[in-house]
Amino acid sequence: MTATGDYTIASLDTGLRAMRLFLTHDTLTVSEAAGHLRVGRSTAHRVLSTLESRGFAIRDTSGRGYAAGPELVRLGRPAGFGRAARNRLGPVLEDAAGRTGETVWSVALIGDQVIVTDGRESPHPVRVTLELGRTGPAHAGSDGLLLLSRMTADQVCALYPDEGLEAVTPATLTSRTALLDELAVIRRRGYAVSRGASVPGMTTVAVALAGSSWRDRLALVAAAPADRSGDAVLAERAERLRESAALLAPAPPP
């Protein structure tokens with residue numbers, strides 16, 4: 001997306017473009033930044049110095065260049081990671097595993113992908129295996145659908161500019177129109193369900209776990225084989241997940 005017209009603030013636009021450079025460069029000298037941004041060295045130096053003053057850039061160990069700062073790294077890190085987050089989520093996951101009897105996990109959204117941040121495995125001999133750190137398309141599972149449902153339709157369309165969506169299994173939603181329709185259902189119902197959309201034979205249900213903004217939203221998921229996942233069971237499982245989610249302690253102030 002490119003800003004156009006009379007509403008563009010040139011200095012802000014340059015700063016934002018400079019921040020994007022850290023997505024593809026570990027370090028940047030003033031000369032390198034000036035070249036990529038197509039501005040003079042003095043302008044590049046002022047932009048990098050401003051980013052440094054706000055914590056979005058730091059001087060590298062050589063002192064000759066700049067690297068991504070802690071604020072930029074924090075913005076790019078999804079919720080649910082780090083010792084503090086795991087300590088807060090642990091009791092919730094333990095409770096959810098006990099209430100549902102199934103494998104449970106927490107999920108964060110990164111763009112149009114989800115990542116499993118933590119979880120607990122079911123004691124059943126036949127169960128869904130927990131895969132910490134697993135990623136996958138957000139539209140292909142209840143976890144991602146739940147998180148997408150907490151965005152506006154315009155935000156979802158920005159994530160999915162094309163009508164066609166990847167088919168992970170035959171049960172995956174394969175059009176943006178179908179996705180938007182499903183998200184509307186999830187908003188009304190209050191929980192998301194996936195029947196084999198990410199893994200054949202696996203049924204999952206997801207509820208909102210935490211977060212008031214896109215930065216810190218998480219979903220709480222229970223996964224089970226399809227033969228233990230009828231409609232009534234899924235509705236009851238969702239309610240048990242909500243009860244567990246309500247136990248989450250407030251996050252400390254940033």
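Owing to the predicted nature of the structure, the values given are computational and were not obtained by experimental measurement. (Residues numbered from 1 in each chain as written. Predicted model: local features only at pLDDT ≥ 70, side-chain atom pairs only at ≥ 80, totals over all residues. Heavy atoms only, no water.)

## Examining the overall build of the chain
Phase 1: Counting secondary structure elements, the chain contains nine helices and nine strands.
Phase 2: The C-alpha extent of the chain, read off along each of the three principal axes, is 65 × 40 × 25 Å.
Phase 3: For the chain, with 254 residues in total, the buried portion stands at 42%.
Phase 4: Taking as baseline every contact in the chain between residues at least 6 positions apart, the subset at least 24 positions apart corresponds to 55%.
Phase 5: For the chain, the computed accessible surface area is about 13,600 Å², with 55% contributed by carbon and sulfur atoms. (Helix = DSSP H or I, 4+ residues; strand = E, 2+ residues; numbered from the N terminus. Buried < 20%, exposed > 50% of the residue type's maximum accessible area, 1.4 Å probe, protein only. Contact = heavy atoms within 4.5 Å. Areas by Shrake-Rupley, 256 points an atom, 1.4 Å probe, with all protein chains shown as cover.)

## A word on unusual backbone geometry
Phase 1: Here Arg 38, not a glycine, exhibits a phi torsion of approximately 60 degrees, which is positive.
Phase 2: Here Arg 38 falls in the exposed class, since its relative accessible area comes to 79%.

## Describing the sheet that holds strand E2 (residues 57-59)
Phase 1: Taken together, three strands build an open sheet; the order of strands is E1-E3-E2 and the sheet is antiparallel. A single partner strand is all that each edge strand has here, and the edge strands are strand E1 (27-29) and E2. Pairs of neighbouring strands in the sheet enclose a mean axial angle of 35 degrees, with direction left out of account.
Phase 2: In the sheet, E2 pairs with strand E3 (residues 65-68) via three bridges, with the strands oriented antiparallel. Looking across to E3, one finds that Ile 58 is bridged to Ala 67. (Pairing = 2+ DSSP bridges. Axes fitted to C-alpha atoms, helices over the stretch in contact; angles between N-to-C directions.)

## Section: a nonpolar patch on the surface
Phase 1: There is a patch of nonpolar side chains on the surface, built from Ile 9, Leu 12 and Leu 16 and spanning about 280 Å² of accessible area.
Phase 2: Structurally, Leu 16 is set in helix H1 (residues 10-21). (Patch = residues over 30% accessible without salt bridge, like charges linked within 9 Å, V, L, I, M, F, W, Y side chains within 5 Å. Salt bridge = Lys/Arg side-chain N within 4 Å of Asp/Glu carboxyl O.)

## Comments concerning the pairing of strand E4 (residues 103-110)
Phase 1: Of all eight residues in E4, six are buried; the element is thus mostly enclosed.
Phase 2: Relative to strand E9 (residues 218-225), E4 runs antiparallel, the two sharing six bridges. In the strand pairing of E9, Ser 106 is matched with Leu 220.
Phase 3: Of the strand pairs in this sheet, E4 and strand E5 (residues 113-120) are connected by seven bridges, and their pairing is antiparallel. In the strand pairing of E5, Val 104 is matched with Arg 120.

## Some thoughts on the nonpolar core
Phase 1: Counting residues in hydrophobic clusters, the biggest one holds 24 residues, and the most contacted among them are Trp 105, Val 107, Leu 148, Tyr 160, Leu 179 and Leu 183.
Phase 2: Mapped by element, the contributors of at least two residues to this core are E4, E5, helix H6 (142-149), helix H8 (176-189), strand E8 (202-210) and E9.
Phase 3: Val 92, Tyr 191, Ala 222 and Leu 234 belong to the second-largest nonpolar core, a separate cluster that totals 22 residues. (Core = buried A, V, L, I, M, F, W, Y, C linked by side-chain atoms within 4.5 Å.)

## A word on the side chain of Thr 204
Phase 1: Relative to the helices and strands, Thr 204 is located in strand E8.
Phase 2: Residue classification places Thr 204 among the buried residues on the basis of a relative accessible area of 6%.
Phase 3: Within the local environment of Thr 204, its side chain forms a polar contact with the side chain of Ser 142, the two groups lying 2.6 Å apart.
Phase 4: Apart from the residues within four sequence positions on either side, Thr 204 is in contact with Ser 142, Ala 192, Val 193, Ser 194, Val 221, Ala 222 and Ala 223. (Polar contact = N/O pair within 3.5 Å; in protein donor to acceptor, adjacent residues only side chain to side chain.)

## A look at the pattern of salt bridges
Phase 1: Scanning all chains against the criterion turns up 15 salt bridges.
Phase 2: Put simply, Arg 120 and Glu 94 hold a salt bridge, and the shortest N to O gap is 2.8 Å. Of this pair, Arg 120 sits in strand E5 while Glu 94 sits in helix H5 (residues 83-100), placing them 26 residues apart in sequence.
Phase 3: Its relative accessible area of 22% is what places Arg 120 among the partly exposed residues.
Phase 4: When its relative accessible area of 48% is taken as the criterion, Glu 94 is described as partly exposed.
Phase 5: In this structure, Arg 195 engages Asp 231 in a salt bridge whose closest nitrogen and oxygen atoms are separated by 2.3 Å.

## Thoughts on the packing of aromatic side chains
Phase 1: All chains considered together, the criterion is met by zero aromatic pairs.
Phase 2: Against the face of Trp 105 rests Arg 134, its NZ or CZ located 5.5 Å from the ring centre.
Phase 3: We note Arg 189 situated over the ring of Tyr 191; from NZ or CZ to the ring centre the distance is 4.8 Å. (Phe/Tyr/Trp six-rings, centres within 6.5 Å; stacked < 30°, edge-to-face > 60°. Lys NZ or Arg CZ within 6 Å of the ring centre and 35° of its normal.)

## Looking at H6
Phase 1: Counting buried residues in H6 gives eight out of eight residues, a clear majority hidden from the surface.
Phase 2: Taken residue by residue, H6 has Ser 142, Asp 143, Gly 144, Leu 145, Leu 146, Leu 147, Leu 148 and Ser 149 as its buried positions.

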